[in-house]
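Architecture and fold: a report
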Amino acid sequence: MVVNFTGQLDAYSEKQFTTFINEVLDSNQLSVVIDLTNIDFIDSSGLGAMVQAAKKCTQKKIAFKVFGNPRVVQTIKLVRLEEFLHLSADLNTAISELSV
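Described in the following lines is the structure provided in the data block.

Analysis parameters
- Per chain, the residues get numbers from 1 upward, laid out in the order the sequence is written.
- Per-residue local features are limited, in this predicted model, to residues with pLDDT of at least 70; the limit for side-chain atom pairs, both in listing and counting, is 80 or more; totals at the level of whole chains, interfaces and linings are taken over all residues.
- As a convention, hydrogens and water are excluded, and side-chain values are obtained from all of the structure's heavy atoms.
- In this description a helix means any DSSP run of H or I spanning at least four residues, a strand means any run of E spanning at least two, and both kinds are numbered starting from the N terminus.
- Burial classes follow relative accessibility: with a 1.4 Å probe on protein chains only, a residue under 20% of its type's maximum area counts as buried, one over 50% as exposed, and anything between as partly exposed.
- Each polar contact in these results corresponds to two N or O atoms within 3.5 Å; when the atoms are within protein, one needs to be able to donate a hydrogen and the other to accept it, and residues that are neighboring in sequence are counted only if both atoms are side-chain atoms.
- Throughout, a contact is declared for two residues whenever any of their heavy atoms are within 4.5 Å.
- Note on terminology: a nonpolar core comprises buried Ala, Val, Leu, Ile, Met, Phe, Trp, Tyr and Cys residues joined through side-chain atoms within 4.5 Å.

1. Description of the side chain of Ser88
Among the secondary structure elements, Ser88 is positioned in the loop between α3 (70–78) and α4 (91–99). Residue Ser88 is classed as buried on the basis of its relative accessible area of 6%. One polar contact links Ser88 to Glu97, side chain to side chain, over a distance of 2.7 Å. With near-sequence residues (within four places) excluded, Ser88 lies in contact with Lys65, Val66, Phe67, Thr93, Ala94 and Glu97.

2. What to know about the nonpolar core
Core analysis: the largest hydrophobic core is formed by 27 residues, its most contacted members being Phe5, Ile34, Leu36, Met50, Val66 and Ile76. Top element by residues in this core is helix α2 (residues 44–59). It accounts for seven residues. Beyond its immediate sequence surroundings of up to four residues, Leu36 is in contact with Phe5, Met50, Val66, Phe67, Gly68, Asn69 and Val72.

By themselves, these are just geometric observations and shouldn't be taken as functional.
This is the structure:
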């Protein structure tokens, strides 16, 4: 399952993001790819929401991957979360890595 987000992932939108991700994770056991290519801005609240989503996936034993635009990727790498969030280069890479 690929989930796309647009706009900003920050203190104002993290509650909406978290609610949506929790609904997705609670309603199925499919692998999840989180597409952040259309996110213009991500702050510490957004990163925290991503960490919580990753933890929930791990707890539910749901495989997941994250990919995004260069700005989002740079932010994730800056705080050294690329391994924890299972960061991939793009959609095709994420899907192929989940298929292994």
